[in-house]
Every structure is written in structure tokens, then in C-alpha cells.
Amino acid sequence: MPKKTEFTITGTCGLTLEHTEGESTSKAKRVDFRIDVSDNISIEGYTTDGLPNKVGCNALLKVFASGITGVIELAIQNGWDTAAGQIEKTLATINEGLLKNEGAGLGTMKTY
């Protein structure tokens, strides 16, 4: 029987905003993200020079998508929203991030 290994990949994302007093919204200035892995696997396959590489970006996408799915399920279970409502909000947020906040700098949180 093949050996099975359980490991954890953690993605951290931070959004830096700028708020002007009296305004009802804030402007995205920078998005920072990093990837970390559990001690039983090597970070080397996921990063280049401390930043996520192609494999790391794919892993982060899966981690963040899983997090979004968990938040949607939590909202549904607690009756705060419907699945359709949460999915609509998620897609609108992604669209807004890609279009409205275009020009926000891509910062980095290096993995050490």
C-alpha cells in the first residue's frame, strides 16, 4: 500500500486600504500575499527567491478558493445569506478587484 502524507499549505493575504475622512469607501492600495507549508514538506517547490512561483500560485489559488467556499458555507449555515447571494457577492468582489481597483500595487510578503 502506498505511503500517504498529510501536509498543510497556508496562504496569507493582506489588503492595504487608504481611507479619506468623510468618504463612504476606501481605496485599495496594495495586495500582499505569501505561502507557507507545514514542516513535513519543502517550501522550495512552491517559491522562487521567497515569493510564490507557478506551483505556489496554483496552490494559493486552491487555498484561497477553499477559504471562500468555507465562508460561503458558514454564511448559509447561519442563515446570513443564500448560496446564490454569496456567490453573487464573491463574483462582484472579484470583478471589482480586477476592474475598479486596477492600479493597486502588488506588494509581497516573502516566505522565509
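Residues numbered from 1 in each chain as written. Predicted model: local features only at pLDDT ≥ 70, side-chain atom pairs only at ≥ 80, totals over all residues. Heavy atoms only, no water.

Novice: Account for the overall build of the protein, naming residues and giving values.
Specialist: If you tally the helices and strands in the protein, you get 2 helices and 5 strands. The order of helices and strands in the protein, counted from the N terminus, is β-β-β-β-α-α-β. For the protein, with 112 residues in total, the buried portion stands at 19%. Of the contacts made within the protein by residues no fewer than 6 positions apart, 52% connect residues no fewer than 24 positions apart. Put simply, the protein shows about 8500 Å² of open surface, and 56% of that area lies on carbon and sulfur atoms. (Helix = DSSP H or I, 4+ residues; strand = E, 2+ residues; numbered from the N terminus. Buried < 20%, exposed > 50% of the residue type's maximum accessible area, 1.4 Å probe, protein only. Contact = heavy atoms within 4.5 Å. Areas by Shrake-Rupley, 256 points an atom, 1.4 Å probe, with all protein chains shown as cover.)

Novice: How would you sum up a nonpolar patch on the surface? Please name residues and give values.
Specialist: A cluster of nonpolar side chains, contributed by Ile87, Leu91 and Ile94, occupies part of the molecular surface with about 280 Å² of accessible area. The residue isoleucine 94 is located in helix H2 (residues 83–99) in this model. Judged by relative accessible area, which is 44%, isoleucine 94 ranks as partly exposed. (Patch = residues over 30% accessible without salt bridge, like charges linked within 9 Å, V, L, I, M, F, W, Y side chains within 5 Å. Salt bridge = Lys/Arg side-chain N within 4 Å of Asp/Glu carboxyl O.)

Novice: Kindly report on the pairing of strand E2 (residues 26–37), identifying the contributing residues and their values.
Specialist: With 11 bridges joining them, strand E1 (residues 9–19) and E2 adopt antiparallel strand pairing. Residue pairing for E2: glycine 14 is matched across the bridge by aspartate 32. Linkage of E1 to E2, two consecutive antiparallel strands, is achieved through a turn of 6 residues, within which glycine 22 is found at a positive phi near 95°. (Pairing = 2+ DSSP bridges.)

Novice: Please set out the nonpolar core residue by residue, giving values where relevant.
Specialist: Grouped together as the largest cluster of nonpolar side chains are 6 residues: Phe33, Ile35, Val37, Tyr46, Ala59 and Leu60. Counting only elements with at least two residues in this core, the list comes to E2 and helix H1 (54–77). (Core = buried A, V, L, I, M, F, W, Y, C linked by side-chain atoms within 4.5 Å.)

These figures come from the coordinates and say nothing about function on their own.
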